There are 2 protein chains.
Amino acid sequence: MNHKIETKWTEETTFIVSQSGGQFVLTTDLNEDESPRGLRPKALMLSALGGCTAMDVASLFKKMRATPDGFKVDVSAHLTEENPKYYDSVKIDYYFYGKNLKRDKLQKCVDLSLEKYCGVSGMFRQFAKVQSEVFFEEI
Amino acid sequence: MNHKIETKWTEETTFIVSQSGGQFVLTTDLNEDESPRGLRPKALMLSALGGCTAMDVASLFKKMRATPDGFKVDVSAHLTEENPKYYDSVKIDYYFYGKNLKRDKLQKCVDLSLEKYCGVSGMFRQFAKVQSEVFFEEI
């Protein structure tokens with residue numbers, strides 16, 4: 001299967017990206033209050049990783065009848081100092097919230113994603129140390 | 001430097017991602033007309049790649065006083081068939097538009113990005129064959 005995206009320059013270092021599912025602004029430019037005027041490209045790698053594994057897990061816990069009340073995935077990463085800067089270590093934290101969480105099944109969903117389904121984590125393992133942790137919060 | 005993103009589940013396989021510069025919806029869910037209801041995570045990898053090198057080039061052609069009238073970067077990639085699916089080959093196409101394009105300097109901007117500055121293309125080279133091509137269109 002082939003995928004394609006387009007990155008079109010508008011001004012300075014601001015671009016409109018068109019990809020599967022929509023368009024968005026990428027930029028390094030800042031507003032007057034120094035807040036970013038669009039998304040930063042490198043962090044999109046981490047969003048791809050968090051999104052890919054999170055979707056696997058959400059599909060799997062539905063199939064396994066282990067749906068929690070809440071779920072999120074945080075990804076944190078260390079960027080090297082020298083050019084070209086890349087992520088050399090990454091941590092994926094899975095948080096499940098709810099009452100009577102089916103912990104064994106939810107852990108299994110995470111394991112299946114990381115070991116079998118999540119292509120983005122497979123790509124990350126080629127250049128970074130990838131760690132993960134699972135948190136269960138009964139609420 | 002450390003970067004962090006958050007991927008929060010809303011329903012089915014739909015998530016709100018918060019990262020540097022903003023928030024957006026990631027999903028595999030479709031509208032009734034089968035159009036996507038949000039961005040797809042894997043293609044974000046390609047948008048990160050296109051955005052990263054495009055920003056380098058835009059910074060460089062300004063410094064080199066070689067700014068064209070128009071500029072875009074297309075990224076196309078082949079996804080493997082077996083799980084975990086990953087991008088095994090990637091092509092980056094740079095398009096410069098304008099009159100009297102400073103071709104040598106623009107080519108130099110592309111080379112500098114790919115060889116020195118673009119961390120995302122460095123990461124891609126660890127798992128994919130990365131090719132590039134430069135197109136000049138006098139308008």
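Keep in mind that this is a model prediction, so the values were computed, not measured.

## Things to note about the pairing of strand β5 (residues 87–98) of chain A
All names here are of chain A. Among the 12 residues of β5, 9 are classified as buried, and the element is accordingly described as predominantly covered. Sheet topology places strand β4 (residues 70–79) next to β5; 10 bridges connect them, and they run antiparallel. Within β5, the position partnered with leucine 79 by the bridge is tyrosine 87. With 10 bridges joining them, β5 and strand β6 (residues 129–138) adopt parallel strand pairing.

## Concerning the environment of aspartate 69 of chain B
Its place among the elements puts aspartate 69 of chain B in the loop between α1 (41–63) and β4 (70–79). Classification of aspartate 69 of chain B as exposed rests on a relative accessible area of 59%. A C-alpha to C-alpha distance of 35 Å links aspartate 69 of chain B and methionine 1 of chain B, two positions 68 residues apart in sequence. Not counting residues within four places of it along the chain, the set of residues in contact with aspartate 69 of chain B comprises Trp9 of chain A together with Tyr97, Gly98 and Lys99 of chain B.

## Brief notes about the side chain of serine 113 of chain B
Residue and element names in this part refer to chain B. Mapped onto the fold, serine 113 is located in helix α2 (residues 103–117). Exposure remark for serine 113: the relative accessible area of 0% places this residue in the buried category. Residue contacts for serine 113: discarding those within four places in its chain leaves Thr53, Asp56, Val57, Leu60 and Cys118.

Rules used throughout
- Residues numbered from 1 in each chain as written.
- Chains lettered and ligands numbered in written order.
- Predicted model: local features only at pLDDT ≥ 70, side-chain atom pairs only at ≥ 80, totals over all residues.
- Heavy atoms only, no water.
- Buried < 20%, exposed > 50% of the residue type's maximum accessible area, 1.4 Å probe, protein only.
- Helix = DSSP H or I, 4+ residues; strand = E, 2+ residues; numbered from the N terminus.
- Pairing = 2+ DSSP bridges.
- Contact = heavy atoms within 4.5 Å.

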